Amino acid sequence: MEPFILAGTNWKTLKDQRIDLAVLPWGATEAHNYHLPFATDNIMVDKIAQESARKAWSKGARPIVLPLIPFGVNTGQMDIVLNINMNPSTQFAILNDVTDVLNRHEIYKFMILNGHGGNDFKQMIRELGLKYPKMFICGCNWYQSFDNTEFFENSGGHADEMETSIMQYLVPELLLPLSEAGEGKSKKFRIKALNEKWAWAERRWSQVTTDTGIGDPSKATPEKGEKCFNEIIKKVSDLILELSEADINNMYE
Ligand SMILES: [Zn+2]
């Protein structure tokens, strides 16, 4: 039994346990090229939450990892079979209910650990902050916590070398061999500013890539995945520790 994972603990243990911070892992259910499972984002974000919480706990932090939310924003992919879209407004309703519970139980520090590029909680956090002024709510995209070029030759962001390597390390039994993977080639916008990212529009996924992947996975290895995973755990566990220890009424220096 792990006291920092809500799904596996019990009330007897929890009712007298100090809780510094709640961590909510949030993923997506979507196609990841031909070779990775639909739960790729969920598996990775859940493992990262649990292993980071374990490490922070061993250093004295008292986080609690909430059960994962498995559906993300996939509005641009509705022509890909069983990519399950959860609209941002639904996500806000869920966050509101979870925040309400935390607030009632005086668990005032809350981190949403996000594992899917289509999810964007920033504006929701602003709105929740207004509604629950005692809460400190923070978002973290684990995939932005490290420099991709330090670990991998090719980048892309979806079912790419990084995601494939980490999945090869974590759950090799759930992957098809790399010989089954598509090349992960993607098209760019014709409009320059959209590629430079200072203008933004959603991409119609199936017009951008034929195998649903963005980024060439062919150089992925479990060894690369392990190195990168360990770096992510180091970063995210440090964040959990710092948030656990933080005085939310004295956050600035
Ligand atoms: Zn993914």
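Residues numbered from 1 in each chain as written. Predicted model: local features only at pLDDT ≥ 70, side-chain atom pairs only at ≥ 80, totals over all residues. Heavy atoms only, no water.

Draft legend 1. Molecular detail of the overall build of the protein. When you go through the protein residue by residue, the secondary structure sums to eight helices and four strands. In sequence order, the secondary structure elements of the protein are arranged as α-β-α-β-α-β-α-β-α-α-α-α. Taken over the C-alpha atoms alone, the protein extends approximately 50 × 40 × 35 Å along its principal axes. A total of 253 residues make up the protein; the buried ones form 48% of that total. The contacts of the protein with a sequence gap of at least 6 include a subset with a gap of at least 24, amounting to 78%. A total of about 13,700 Å² of accessible surface is found on the protein, and carbon and sulfur atoms cover 53% of it. Of the side-chain charges in the protein, 27 are positive and 34 negative, and the distance between the mean point of each set is 3 Å. (Helix = DSSP H or I, 4+ residues; strand = E, 2+ residues; numbered from the N terminus. Buried < 20%, exposed > 50% of the residue type's maximum accessible area, 1.4 Å probe, protein only. Contact = heavy atoms within 4.5 Å. Areas by Shrake-Rupley, 256 points an atom, 1.4 Å probe, with all protein chains shown as cover. Lys, Arg positive; Asp, Glu negative; His and termini not counted. Charge placed at Lys NZ, Arg CZ, Asp CG, Glu CD.)

Draft legend 2. Quick peek at the pattern of salt bridges. Scanning the entire structure with this criterion turns up eleven salt bridges. Among the salt bridges present, the one from Glu153 reaches Lys224, with a minimum N-O distance of 3.2 Å. With Glu153 in the loop between strand 4 (136–141) and helix 5 (161–170) and Lys224 in helix 8 (residues 222–245), this pair connects stretches of sequence that are 71 residues apart. On the basis of relative accessible area, Lys224 is assigned to the buried category, the value being 18%. The residue Glu161 makes a salt bridge to Lys224 at a minimum N-O spacing of 2.9 Å. Taken together, the residues span a long stretch of sequence, with Glu161 in helix 5 and Lys224 in helix 8 at a distance of 63 residues. By relative accessible area, Glu161 is classed as buried at 0%. (Salt bridge = Lys/Arg side-chain N within 4 Å of Asp/Glu carboxyl O.)

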